[in-house]
Amino acid sequence: MKLKLPAGTFRAYLFDCDGTIADSMPLHYIAWKTALAEWNCEFDEDLFYSWGGKPVDEIISTLNRLNGLNMPVETVGHRKESLYFDLLPQLKAIPEVLEHIEAEHGRIPFAVVSGGRRNSVVRSLTALHLLDKFDTIVGAEDYTRSKPAPDAFLLAASRLGVAPENCLVFEDTDLGLQAATAAGMASVRVPMPLERDGE
C-alpha cells in the first residue's frame, strides 16, 4: 500500500506520531485498558480510535464525566504512560510513512505534532531510531487547544519558519485531519491498523 500525496510542492512535512509514524495505537490501547481496569473503567476500542489525537489528561477527564467516576487524572495518566513504555520494545514504524521520511529527510524540515506528551513522543521515536530526523517536536505541553484546533500545527510551522500553506500534514485521525484543514495545510491520511491489515 502506498500513500498518495496531494499535488504540489511542500516546504515542510508535519507528522502526527502515534498511528502515523509509530504503529503504536494497538500498544497504547493495551496500556489504556490495563490502567483503566484498575479503576473499573471500560474503554471501548472504537471509542479509543475515534478519540485519536486527544491528550491523555483530556481522555481521562472525559471518561470520568461519561462514567460518573473520579479517577485521579495525573496518577492514571502516569500509570498509562509507564505501561506504554513497557511495551516499547514491540514498537514498529509504519512502512508507508517511513518511506516518505527517508525520501525527504535532509531536503525539507520535519516536525512531529502530537496530542501525546513530549516524553512519550521522544521515547517512541527513540525506540524507532528516528528521533534525529525531526527538527522540532510539538507535544501536548506546548499548546492549550488540542486537535481539531489548528494551534499545534501552526506552532510547528512557525518553529520551522514555513508558511502553513507550504506544509503537508501526515495524520491518521479525523481530529488531526480537521486540525490540519483548520490550519490551512494540505494533508494525507494514514490508514488505521485495521484498514492496513486488510490490504
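Further up the page is the structure itself.
Conventions adopted
Residues numbered from 1 in each chain as written. Predicted model: local features only at pLDDT ≥ 70, side-chain atom pairs only at ≥ 80, totals over all residues. Heavy atoms only, no water. 1 Å grid on protein atoms, 1.4 Å probe; cavity = no way out; pocket = protein on both sides within 12 Å on 5 of 7 lines; lining within 4 Å. Points joined across faces, edges and corners; volume = space filled by probe spheres on them. Core = buried A, V, L, I, M, F, W, Y, C linked by side-chain atoms within 4.5 Å. Buried < 20%, exposed > 50% of the residue type's maximum accessible area, 1.4 Å probe, protein only. Helix = DSSP H or I, 4+ residues; strand = E, 2+ residues; numbered from the N terminus. Contact = heavy atoms within 4.5 Å. Arc of directions from axis to C-beta. Polar contact = N/O pair within 3.5 Å; in protein donor to acceptor, adjacent residues only side chain to side chain.

J.: Any chance you could explain the layout of surface pockets here in plain terms?
T.: Over the atoms a probe the size of a water molecule is rolled, and this reveals where empty space is left. Counted as a void, the largest pocket has a volume near 160 Å³. Lining the largest pocket are P55, V56, D57, E58, G115, R117, A140, E141, Y143, T144 and S146.

J.: Any chance you could explain the nonpolar core here in plain terms?
T.: Side chains that are nonpolar tend, in soluble globular proteins, to be buried together. Membership of the largest hydrophobic core comes to 32 residues, with the highest contact counts inside it found for Y13, F15, I21, V97, V112, L125 and F134. Listing elements by their share of this core, those giving two or more residues are β1 (12-15), α1 (25-37), α4 (73-87), α5 (95-104), β2 (110-113), α6 (118-127) and β4 (167-171). Among the elements that line this core, the one with the most residues is α4, at four residues. Residues in contact with V97, not counting those within four places in the same chain, are L3, F15, T20, I21 and V190.

J.: Mind showing me how you'd approach α5 here?
T.: One full turn of an α-helix is made of 3.6 residues, so residues set three or four places apart face in the same direction. Taken residue by residue, α5 has E96, V97, H100, I101 and E104 as its buried positions. The arc that holds the buried residues of α5, viewed along the axis, is 140 degrees, so those residues lie on one side. Exposed positions of α5 whose direction lies more than 90 degrees from the buried face are P95 and E102. Once α5 finishes, G106 follows within two positions and takes phi at roughly 95 degrees, a positive value.

J.: Can you walk me through the side chain of T136 in this structure?
T.: Inspection of the secondary structure puts T136 in strand β3 (residues 136-138). Here R159 takes part through its side chain, which lies 3.1 Å from a polar atom of the side chain of T136. Not counting residues within four places of it along the chain, the set of residues in contact with T136 comprises F110, A111, V112, R159 and L160.

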